[in-house]
Amino acid sequence: MLGRPVVAQDQVTVQKRHMPMLRVSLSIILLAGWTVATPVARPATSDQIQKLTIKGSVAYEAGAELPPGSRAVIELRHMPALPDAPAVVDQRIDLERKESPVSFELTLERYKLVGNATYFVRGAIVSENRAIWTADDVKIDVTESTVDVKEITLKPVNVGAPVPNSVPR
């Protein structure tokens, strides 16, 4: 019987002796976790990775007389998409007193992109909620941080031709 209380007494002594070391170890682990979890200012290059910038210009026939209130509409869209789905991002530019070509720049956060989707830029000139100039869609690679689509050449829409729902308004 005397042996057991001595063993228990020795274990308590060992535990007391190692307690400060355990506290120090726990403190170091907690501080390391706090440091990892604390947000740190990111360099500007990190923002470029998080954002996608698409730039270019839309051009229409030189000297073309556009109706008052005409605006260029440039959109980033993806396929597949639901019918009548909104553009991922768009820019609307009032064309009053502007000459062709008109520059544009779309910027968006990458989290808005859908994986495995095909992306394209669509441009048009709209007047009274009707596309009057359009262009073929320009497929782009969204893995780059900046995409330059150069110049998108718009063509007038035939007066009698039906305008699909997917044309910017």
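Residues numbered from 1 in each chain as written. Predicted model: local features only at pLDDT ≥ 70, side-chain atom pairs only at ≥ 80, totals over all residues. Heavy atoms only, no water.

Draft legend 1. Main features of the overall build of the chain. Across its full length, the chain holds two helices and nine strands. Counted from the first residue to the last, the chain has its helices and strands arranged as α-α-β-β-β-β-β-β-β-β-β. A buried classification covers 29% of the 169 residues belonging to the chain. Counting contacts in the chain only where the partners sit at least 6 residues apart, residues at least 24 apart contribute 66% of the total. When the accessible area of the chain is evaluated, it comes to approximately 12,000 Å², of which 57% is carbon and sulfur surface. (Helix = DSSP H or I, 4+ residues; strand = E, 2+ residues; numbered from the N terminus. Buried < 20%, exposed > 50% of the residue type's maximum accessible area, 1.4 Å probe, protein only. Contact = heavy atoms within 4.5 Å. Areas by Shrake-Rupley, 256 points an atom, 1.4 Å probe, with all protein chains shown as cover.)

Draft legend 2. Broad picture of the environment of V126. Here V126 shows up in strand β5 (residues 118-127). Look at V126 and you get buried, because its relative accessible area is 0%.

Draft legend 3. Examining unusual backbone geometry more closely. The peptide bond linking S100 to P101 adopts the cis configuration, its omega dihedral lying at -5°. Positive phi outside glycine occurs at R97, with the angle close to 65°. If you trace the backbone, R97 turns up in the loop between β3 (89-94) and β4 (102-109). Classification of R97 as exposed rests on a relative accessible area of 79%. The phi dihedral of E128 falls on the positive side, at around 50°, and the residue is not glycine.

Draft legend 4. Quick peek at the pattern of salt bridges. Taken as a whole and assessed by the stated rule, the structure comprises five salt bridges. Measuring nitrogen to oxygen at the nearest pair gives 3.0 Å for the salt bridge that ties D137 to R122. Here D137, found in the loop between β6 (130-134) and β7 (138-140), pairs with R122, found in strand β5; they are 15 residues apart in sequence, far enough to count as distant. Under the relative-accessibility criterion, D137 is labelled partly exposed at 37%. (Salt bridge = Lys/Arg side-chain N within 4 Å of Asp/Glu carboxyl O.)

Draft legend 5. View of the sheet that holds β4. One open sheet holds the three strands; their spatial order is β4-β1-β8, and the pairing between them is mixed. Of all strands in the sheet, those with a lone pairing partner are β4 and β8 (146-153), marking the two edges. Neighbouring strand axes in the sheet, compared pairwise and without regard to direction, differ in orientation by 15° on average. Pairing geometry for strand β1 (residues 51-59) and β8, over six bridges, is parallel. Directly across from T53, in β8, lies its bridge partner T146. (Pairing = 2+ DSSP bridges. Axes fitted to C-alpha atoms, helices over the stretch in contact; angles between N-to-C directions.)

Draft legend 6. A look at the side chain of R122. The class of R122 is buried, set by a relative accessible area of 12%. Within polar-contact distance, the side chain of R122 engages the side chain of D137 at 3.0 Å. (Polar contact = N/O pair within 3.5 Å; in protein donor to acceptor, adjacent residues only side chain to side chain.)

Draft legend 7. Structural view of the confidence of the model for the chain. In this model, the chain carries an average pLDDT of 77, and 64% of its residues clear a pLDDT of 70 or more. A low-confidence stretch, residues 34-46 (pLDDT under 50), is modelled with two contacts involving residues beyond four sequence positions or located in other chains. The low-confidence segment residues 160-165, where pLDDT is below 50, has seven contacts with residues more than four positions distant or belonging to other chains. (pLDDT = per-residue confidence, 0-100.)

Draft legend 8. Focus on the pairing of β6. Bridge count between β5 and β6: four bridges; the pairing is antiparallel. Bridged to S127 within β6 is R130. In textbook terms, the turn of a hairpin is the stretch between consecutive antiparallel strands, and for β5 and β6 this stretch comprises two residues, one of which, E128, has a positive phi near 50°.

Draft legend 9. Fine view of the environment of A72. Within the secondary structure, A72 is located in strand β2 (residues 71-79). A residue is classified by how much of its surface remains accessible, and A72, at 1% relative accessible area, is buried. Between the C-alpha atoms of A72 and V58, which are 14 residues apart in sequence, the distance is 7.9 Å. Apart from the residues lying within four places of it in its own chain, the contact partners of A72 are V58, Q91, R92, I93, L95, A124 and I125.

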